[in-house]
Structures are given as structure tokens and as C-alpha cells.
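Chain and residue survey
So you can see what is in the structure, the chains are spelled out below.
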Amino acid sequence: MTDIRPAERRQLTVMLCDMVASTALSLRLDPEELADVIQAYRRRCADVVTTHGGIVARQIGDAVLAYFGYPRAHENDAERAIRAALAITDTQWQAIGAADLRVHIGIATGLVVVGNLPQAGEELSAIGSALNLAARLEALAEPGMVVVAEQTRRLSRGLFEYRDLGPQELKGFDQPVPAWQVIGERRNRSRFHALRAAELTPLVDRRGEVEVLERLWKYARAGNGQAVLLSSEPGVGKSRLAQVLSKRIVDRRCLRLWYHCTPNLQGSPLAPLVRQLTLAAGIAQENDDGAKLAKVERLVPEATPNRAEIVPLLADLLSVRYERRYPPLGMSLQRQKQRLFNELMELLAAYAARSPVLLVVEDLHWIDPSSDELVGILIDRLRTLPVLALFTARTEFQAHWDTNGHLHSIALAPLERSDSISMIGLLCEGKGIPGSMVDQIADRTDGLPLFIEDLTRDVLESACASAADSDAANARLADVAIPATLNDSLMSRLDRLGSAKTVAEIASVIGREFSYELLARTANIPEDDLREELYRLVDAGLLVSRRSSAVLGYAFKHALVRDAAYASLLRKKQAVLHARVAQVLVEEFPETADAQPEWVAHHFQAANDVDNAVAFLVKAAKLSARRSGFAESISQLEAALALLAVQPKSSDRLRLALIVHRTLGGIYAEYRGFSSAECGRAYNAALDLCRELGDAPEIFSVLSGLGSFEITRAAFGKCEALADECLSRAAAQQSKPPFIMGHLLLGGTLFLKGELAAAREHLEEGLRVYEHDQTARRARQVLYVQDQKSTGLCYLALSLTLMGEVDEGVRAAEEGLRHSRALGGLHTVNFSLCYLAAVHLIGGNFAAAADCATKSLDMAREQRFATWIGISEAIRCGALVGSGDRGADVLAGLRRGIDGHTEIGAVAYQPFVRAQLGKGLIEAGRGDDAVGALAQALKQSEATRERFYAAEIMRFQAEALTRANDVAGAERALGESIELARRQQARLFELRSADALHRLVNA
Ligand SMILES: Nc1ncnc2c1ncn2[C@@H]1O[C@H](COP(=O)(O)OP(=O)(O)OP(=O)(O)O)[C@@H](O)[C@H]1O
Ligand SMILES: [Mg+2]
């Protein structure tokens, strides 16, 4: 029991053996004799257990508890336990003077925590349901019987005969549990006699696949791009085939581009591309900005069209500063992503113009949504390029691309048995293992190359470990269910590495790949020892080393090797190591932590440090949004919320949740528009949290975001309440931006309701404070996508126009646009352009309105600002109608505008856009339709109380009625229009309607 280690998680086979009717024995024998018998019985059990590779964990009275699979795992621990049990039940006990001694044995296999568990107060113990199950099965077994659990039977299937005892109701188990009596060894096992591999090629089989790939490469090279999706279960050989394609099929001079998706970066937009570009450019942490940019420039061939545009896009993606040599990108994030994708395709075309290209994307089952989108574009684009794209994925990956002529898929099957045998032969490199052993490895591994490699090496290693062990190595290997056994086999190889196993475990916490530096700082192992252990791991084929630029890195040979090493760590130990990795990243690799916050979040999360995990997820979400990965950004924030949801409440946590919701609101505003339901939901949740916290300083930005949502939804009562809250809270503090915000929100709301004088007062007050307050001017982020001054001027311009001060209105709107342009925020500029167009339209300057609206529409489409697309189109067409355009296109454009505005969930300005359609229908001579459209506009205006345009709608109605010769109706409508306009102080509309009435009665 010398090599008992601190507790770890692993698969264990537990055997419990007990004497039957020892009470009868105790009556027959005197106490001293009885003590001798029991001791001899125990000794026999211990001998049998140890010769079968198990360990006696405990002896309580007559019961002997043994473990198989600890401290070292064998690939056939279940088989070993059963053989030991059969040996014990077969024992002739008369030798110890107790011929009537009988035992009964229970065996179960499962995941347990085993080792030195201080809380159990014993040297070696294990915790896990396999222990209880073994005890229950032992109780169930009649004298002389060995009863095993389902898992144990499965792991030794084919080696023994069993009797099914049927499902058993066992104490402590909710469901009936299957139980099997071991009858004995199976006699008629088929034997397969040795086949020796004659092939020398290290690649086994795959001739069909290679042929297909050769053909596709030929097409691709000639300029007919091809794409292939290669899929299989893990370890079947996808990566290997990709390598064969690259090394043997593709011409040596051709460019090869490799991208890898990784599980921890699934939420990080374009992670594989970022990594590949960083490596290809050779960017290192210690490079200064200039050096990094020069490296990015070298990635783009001189002759590439748009070179000056590609470089800043790539630099921005890699977080490399480019502003000193290139103008700012100046486009919305959505637009930037689209440009990046287009330019990447141009770059690929430029590469392909020099030589055909092989492009490999590995492990698509771990792809992030943005990369997935890019792959879709790539598949479409490469059709006319000399490019062969190979994608590998496990079977769970569902491709969503349209199938077409140049997109193929290959499902990679496990190796045929004969190929498995060839492969084993190749792996043995003439060391020669008995044919029966080859047969059994082939039997067990089901054609899975990864497993074949591993198990063969395992056997060779254990055979080499000691000569005495070679018998054990030659012992028959049991048929085992694949995942459990691959794991077992990996475990047994790791175990054999002794102290190097610890290094593998620590490395497994970092991930499939890791840099030497990070491992060294995490591991706390003297440098020489660490290098030595890493060397041993590489030598054993468990790790591969790779050096890129100045960084020495390693990777587990296969993801499953990493998983096996990781799984052997106790959960608690995993958490401690994750915490350590996170700490080292944050403290010693701050650039990496900044560039990959999601990865840091993963470690904090695994360390159960929820607060830090959430903080880093928020960072990750902001970074994703910057890379226009809105989908990733949202899922990161949702992951953060999910983490917080299961934590006990505390005010710090509430504050974190508040930050998450607020960020989510801002991201939805940008992604889907302020009017989107998701945006409202996020801001409402944030506001609830502000209230729960009492005095969160974030409340103003939340009130502002929510105000922007409610105003686009025409929920004026809510807007007023929010504005009042802003103003009363602002009064209690020095800072001015909240005060301005309250006035602007109230001003905007009052304008929409048609209370123009009051609106004007609040807007002017807000703007006055903005001009006088430095902090306010600087704090333009208070409104997420629009500057406060721009917002105030737009509403003021409309109010002034309606009040009859048309020139002042235009001046205010133009000033707003100038201000927005000076700030440079594209969304703010678009907003100001759209409002200037509306001011011109309402004021009757149709040429200027059409011009501005066209610019606004173009910009909104280009930058994908959904908020401004529908309404800009409606204003543009309204202006064309005003200029006398009677074409059918105009009506279609008006309808499109209304649809666009409706689609984003916007309720405000609906009466306004519908009124433009009504006016268009009048001019097109479709009076009846016009009356309908206008009635609907008025009805909506009444329903939401958005009345600023109502007087004008009534005037349009009168016009329609006049054309239909309903003079009385027209007079009535004009009368109402005048009356309403007068109440609202909308002099412009009042004058227009009065003029119309005058002409009508004098006609
Ligand atoms: N046909 C083959 N001949 C010889 N060795 C092979 C063959 N196919 C696979 N191997 C070996 O088996 C191991 C596993 O293969 P590989 O890594 O390619 O699997 P994979 O399908 O990419 O798995 P994953 O889905 O986990 O990425 C590798 O070490 C590889 O070299
Ligand atoms: Mg692979």
C-alpha cells in the first residue's frame, strides 16, 4: 500500500467477498481455531487479489474489500476481478480445517473517488456507487456464487458465461438493477490466427478516400474549386487523412492554409482565423505596434486589389493598432464584418492566383457562429478558384450549407479488420507480439485507429516494463466497450509514466494545447524536471511539441488523451488548477488575457469562481461585439446570466447581473435596434436590478436605454415616468448628463404626443445644459448609439417646424447633422440625416427631403442599421410624391418602407409613414385606398396618442374626400384639423388646413 496517492477520480472495479454462515463455523470451532481460520481465509483472498493485479483495501471481520484498477489501471480490470473471484470460490478450504467454508462475492464497476481520503480517516478508501452496489450484489449472491453488475459484465463480455438474474430491487437504488451470475469461463472462444502485416506504408487502407481526394484536387487545381466535408466518430482518422492530402496529394509548392476550431473558443468570433493569422504573420506579444502592423501588411500580397482596405480590417481583427498608417475604418460593426468577409475572399483569390490552395478547417463541431458564416461564404466563392477546401467534423456536426455540385461529403468508416491487423503489425515494428494478442487487440478496438495505436503501445510498453510482466501483457485482453476502454488504456499508459502523469494532468487543465511558459508558471515544478517529464510524454507519443516563432508549445496527441488525463483528476483538484491557470493568465500574461477573455472566463468558471468568470464573460462579449460577432456576444452574456442564476444572491452578484443585462441591452440595440423586444427585456431586467440594489450608479444609462426602447414603442406613459425618475434622481446629484437625459426623453415624448410648446421647453433646457456642462459633452456614451445633443436637436427641429418656424427647424436639424459628423459616430450621423430629411419633408422642401432621405437610406443599408432603413425609404418616397412623381415604384417603395419600419418592432412614426402612403395613393388617383390608409393612420395615432402628425393626416383625408366630391366631409375634416393644430400650436399645419378650407369653400 505504499503508492497510495492523494484522492483522484477514476474507473474502479470493486470486489466484496464475504464468508457464509461464519456463525455456524464459530459454533463449531473454538475461538482460537476460528481466529486461525479467518486469518488463513484472509491471506488466501489477499494472495489471489494481488496475483490478479488488485489491491486489498479493507478487511472488516470476515469481509474482504478489493479494488481492481488502482493504483494502476489495467485495460482488463473487470476481467481480473472476475478471475480472482472465481479463484476464491474455487478454493479448497479443508487445507485450513474448514471444509464447509463458503464465500459469496459481489463485483461492480464505476467511477469513484479513490485514494487517500483524509475525511474518511483511512489510508485508502473509495467513494462511489460502485461500492454500495458491490455490497448489495454480494448480499444477493448465494453461497459459492459470484454476482456482477451490468457494467462489469459488459467490460468482460465474451470471456465468461453468465446467468441473467434479472432486474433486482436493491436498497439504496431507485431503479431495479440488472445482476448477473458468473457461471465460469467461456470455452468455445473463436481464435484468430496471426496475420502479419506486410505493408510498409504507415498509412493503412483509405485507398478509396485517397482516390476521391486525388480526383478533387485535380479539378480544383484546374480552377474548379471543390469542398469536402469529412466526418466520423473521434479517432477514426480525419486529421490523418487531411495530412495525407496535404503531404502526398497536393503539389509541394502549393499554399496550405490550416484552421482549427477549439472547444473553449466556440463563443469567440472567428477564433480559428485569428489564430491562423497571428501564427502566419508571426506576431509575438513582445512586438511593438509598428512591428505588428508590418507583419500584418506582409500577409497581403502587394498586387491585391484593395490592399489598403484589407490591412486595417485584418489589423483590427487581430487587435493590432493601425491608425497611424491608415485612416479609421469608419463603418458600423455589421458592415465591417461584411467587408472583412468580402476582403478575405479577395485575399484568398489573390493567393490562389499565385498557386492552387489547399484550405483545411479542422473540427467544425467546435466552430463559432461567425466562422460558420464565413465557411458558408467560402464554399460559395471558391467554385471558380483553384482551391480545395477540406472540412473535418465529428458526426454530431450538422452542416447547413446547400448541397451542390462542388460540395462533397465523405463519411469515414472504421478500419476493416484486416487493416486493423496490418496497423497493429506496423506499430509493433517487428518487436513481435503473439498472433493471439494481435487478434485480441483487433477484436477489442473495433477498427478505431486511435484506439489501435494506443492499445498496441500500451501492450508493448507493459511488455517492456518488466520481463515478468510480459505474461500479464500476454494474458487475454477482454472485449471492452470502446469509450470506457480507450479511456482505461490511456489511463494505464499515463499511470506507467509515474511523475510525468502529474505534468500531463496539469497540462490537461490548460487545454489540448499549451505553451511551455504557461505550463511552467502553473506547475511549480523545477525547470529541469519539467523538461524531462515533457520529453518523456512526447517520447511516449502522448504529447507532440510544436514551436511557432519564439514560443515553445505542446499539444496532446489527441483530444481524448487530454480528456483522459483530465478525467483522472479529482474535481476539487481540477478546480484548484483552473484557478491557478486563470490567476497566472491574468497576472503574468495580461495580453493573452485581454485578447482571449473567453478562455480566462472558462478557467474561472471551472474553478467555481463565478464572479470572475462573469466579469471575463462580459469582457469577452464586448470583444465579440467589436468583432461583429453579435451572436457570440449574446451567448456569452447569456452564459454569464446562467452562471449567476444558480448562485446565492449578494449585492455584488446583483451588480454583476445588472452589468450583464445592461451590456446585453446595448448589444441588442446595436444588433436589432432599440425597438427590438430583446433590447427592452434586457433593459427592464437591468432596471429591476437597479431598484433592488437601491442606488446603483448605472441606473441612468439603464433608464436611458429603456427610454429609447419605450419611445420607439410609442409607450409614452412609460417614457414620461422614466424621464420623471431621471429628473428627480438627477436633482439629487451633481452630474448633469442624467439631467439632460431626463429633459430630452421628456421633450421627445411630448413632441410625439403633439405637445409642442412643452416639448420645446424641455429640449431647449436639455441642450442649454449640454452646452454649459463639460462632463455632459464628454459623456456622450450615456445614450448608447446617439449623442444627446444630436438627439435633442432633431426633436427640436421637428417641433420648431410644426410650430411654423420652418427655417429655424431646418437650421437646428442641420446643426444636429454637423455635430454628429464631428463626433464621427455612424449611427448618430444616420439618425441626424433621417431627421433632417423628415424636417424637409414636413416643411415642404421635397427636393432637399428626397436628397437627404436617399443618403440616409444608402447609409442605413450599407451599414445595416435596421432602425433607419424602413423609415428613410418611406420619407424618400413621400418626398418623391411631393415632387410630383406618380410612378408605381413610389407606392411600392412606400409599402416597403412601412414593412421595414414594422419589422423592427417600431411603433412610433407608424401614423407618419402610413400617411405618406395615403398621400401617394391620393396622387395616384386611388381615392378609396387612400381614405382607408389614412383612416388607419389616424386610428393608430389615437391608439398610441402619437398625435404630432394627426392634423396633417386630417388634411390629407380632406383632400381625398374632396376628390371624391364629398365636400361636407372634407370641410368637417379640415375643421377638425385646424382645431387640433391650434390646440397643439402647430401653426404650420393650422395654416395649411385653413388655406385648404378657404380654397374649398371658395371653389
Ligand atoms: N488509416 C490510418 N492508418 C494509420 N494510422 C491512422 C489511420 N487513421 C488514423 N490513424 C491514426 O489514429 C490516430 C487518430 O486519428 P485522427 O487524429 O486522424 O482521428 P480524428 O478522426 O481526426 O479524430 P478527432 O475527431 O478526435 O479529431 C492518429 O494518431 C492517426 O495517426
Ligand atoms: Mg482530428
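How each quantity is defined
Residues numbered from 1 in each chain as written. Chains lettered and ligands numbered in written order. Predicted model: local features only at pLDDT ≥ 70, side-chain atom pairs only at ≥ 80, totals over all residues. Heavy atoms only, no water. Core = buried A, V, L, I, M, F, W, Y, C linked by side-chain atoms within 4.5 Å. Buried < 20%, exposed > 50% of the residue type's maximum accessible area, 1.4 Å probe, protein only. Helix = DSSP H or I, 4+ residues; strand = E, 2+ residues; numbered from the N terminus. Contact = heavy atoms within 4.5 Å. Near = heavy atom within 4 Å. Polar contact = N/O pair within 3.5 Å; in protein donor to acceptor, adjacent residues only side chain to side chain. Areas by Shrake-Rupley, 256 points an atom, 1.4 Å probe, with all protein chains shown as cover. Nonpolar A, V, L, I, M, F, W, Y, C, P; charged D, E, K, R; others polar. Axes fitted to C-alpha atoms, helices over the stretch in contact; angles between N-to-C directions. Parallel < 35°, antiparallel > 145°, perpendicular 65-115°, else oblique. Left-handed = near helix turned anticlockwise from the far one by under 90°. Pairing = 2+ DSSP bridges. Phe/Tyr/Trp six-rings, centres within 6.5 Å; stacked < 30°, edge-to-face > 60°. Lys NZ or Arg CZ within 6 Å of the ring centre and 35° of its normal. pLDDT = per-residue confidence, 0-100.

The next point concerns the nonpolar core. Leu364, Phe391, Phe751 and Tyr909 are the most contacted members of the largest nonpolar core, which has 272 residues in total. Looking at which element gives the most residues to this core, the answer is helix H36 (residues 826-843), with 12 residues. In this structure leucine 364 touches Leu229, Cys261, Phe391, Thr392, Ala393, Phe397 and Trp401, once residues within four positions along its chain are discounted. Tyr41, Cys45, Ala85 and Trp180 belong to the second largest nonpolar core, which has 35 residues in total.

With that out of the way, let us pick up the site of ligand 1. Close to ligand 1 lie 19 residues, the nearest being Gly235, Lys238, Arg394, Glu453 and His558. The backbone of valine 204 places a nitrogen or oxygen atom 2.8 Å from a nitrogen atom of ligand 1. Between ligand 1 and the protein, one listed contact pairs an oxygen atom with a side-chain N or O atom of serine 239 at 2.8 Å. Contact with the protein chains removes 91% of the 630 Å² of surface that ligand 1 exposes when unbound. When contributions to the shell around ligand 1 are tallied by element, the ones reaching two or more residues are helix H7 (238-249) and helix H15 (449-465). For the shell around ligand 1, the residue count by class is eight nonpolar, five polar and six charged.

This paragraph deals with the packing of helix H25 (residues 610-626) against helix H26 (residues 630-645). Remark: H25 packs on H26, axes separated minimally by 8 Å, with the N-to-C direction vectors making an angle of 165°. When the axes of H25 and H26 are compared, the pair comes out roughly antiparallel. Relative to H26, H25 is oriented so that their crossing is left-handed. Contacts between H25 and H26 involve Val610, Ala613, Val614, Leu617, Val618, Ala620, Ala621, Ser624 and Ala625 on the former and, on the latter, Phe630, Glu632, Ser633, Gln636, Leu637, Ala639, Ala640, Leu643 and Leu644.

Here we come to the environment of tyrosine 516. For tyrosine 516, the location among the structural elements is in helix H19 (residues 516-523). The exposure class of tyrosine 516 is buried, given its relative accessible area of 4%. Separated by 413 residues in the primary sequence, tyrosine 516 and aspartate 929 place their C-alpha atoms 75 Å from one another. Leaving out residues up to four positions away in the same chain, tyrosine 516 has contacts with Glu527, Leu530, Arg531, Leu534, Leu552, Gly553 and Tyr554.

On to the pairing of strand E4 (residues 102-115), then. With 11 of 14 residues buried, E4 is to be regarded as a mostly interior element. Two elements, strand E1 (residues 8-20) and E4, share 13 bridges in a ladder whose sense is antiparallel. Note that in E4 the partner of methionine 19 across the bridge is valine 103. With three bridges connecting them, E4 and strand E6 (residues 146-149) associate as parallel partners. Each residue of the ladder has a partner; that of isoleucine 105, found in E6, is valine 146. When E4 meets strand E5 (residues 125-127), the two strands line up antiparallel, connected through three bridges. The residue of E5 that forms the bridge with valine 113 is isoleucine 127.

Per the stated rule, a full pass over the model turns up 21 aromatic pairs. Their ring planes at 70° and their centres at 6.5 Å tell us that phenylalanine 160 and tyrosine 162 sit as a pair that is edge-to-face. Since its relative accessible area comes to 3%, phenylalanine 160 is described here as buried. With centroids separated by 6.2 Å and ring planes inclined at 35°, the aromatic side chains of phenylalanine 912 and phenylalanine 948 adopt a geometry described as tilted. A residue pair is termed long-range when its members are at least 10 positions apart, and phenylalanine 912 in helix H40 (residues 910-923) and phenylalanine 948 in the loop between helix H41 (927-944) and helix H42 (950-963) qualify at 36 residues. Among the aromatic residues, those joined into a ring-pair cluster are Phe751, Tyr795, Phe831, Tyr835, Trp868, Tyr909, Phe912, Phe948, Tyr949, Phe956 and Phe989. The aromatic ring of tryptophan 180 is capped on one face by arginine 153, whose charged end is 4.1 Å from the ring centroid. Note that arginine 531 overlies the ring of tyrosine 516, its terminal NZ or CZ placed 4.2 Å from the centroid.

A separate point is the sheet that holds strand E12 (residues 387-394). Taking strand neighbours across the sheet as the criterion, the five strands line up as E10-E11-E12-E9-E13 in an open arrangement whose pairing is parallel. The open sheet has two edge strands with one neighbour each: strand E10 (255-260) and strand E13 (407-411). Sheet twist, expressed as the average angle between the axes of neighbouring strands with direction ignored, equals 15°. Sheet topology places E10 next to strand E11 (residues 357-362); six bridges connect them, and they run parallel. By the bridge assignment, arginine 256 is partnered in E11 with leucine 358. Packed onto the sheet, helix H6 (residues 207-221) meets strand E9 (226-232), E11, E12 and E13 and runs at close to 160° relative to E9.

Turning next to the environment of leucine 569. Here leucine 569 is to be found in the loop between helix H21 (559-567) and helix H22 (571-588). With 562 residues separating them in the primary sequence, leucine 569 and alanine 7 have C-alpha atoms 8.3 Å apart. Not counting chain neighbours up to four residues away, the residues in contact with leucine 569 comprise Arg9, Glu505, Ser508, Val509, Gln574 and Leu577.

With that out of the way, let us pick up the confidence of the model for the chain. For the chain, mean pLDDT is 86; residues scoring 70 or higher make up 92% of the total. Scored below 50 in pLDDT, residues 465-484 shows 51 contacts in the model against residues more than four places distant or in partner chains. Segment residues 779-784 is flagged for pLDDT under 50; beyond a separation of four residues in sequence, or across chains, it makes 17 contacts in the model.

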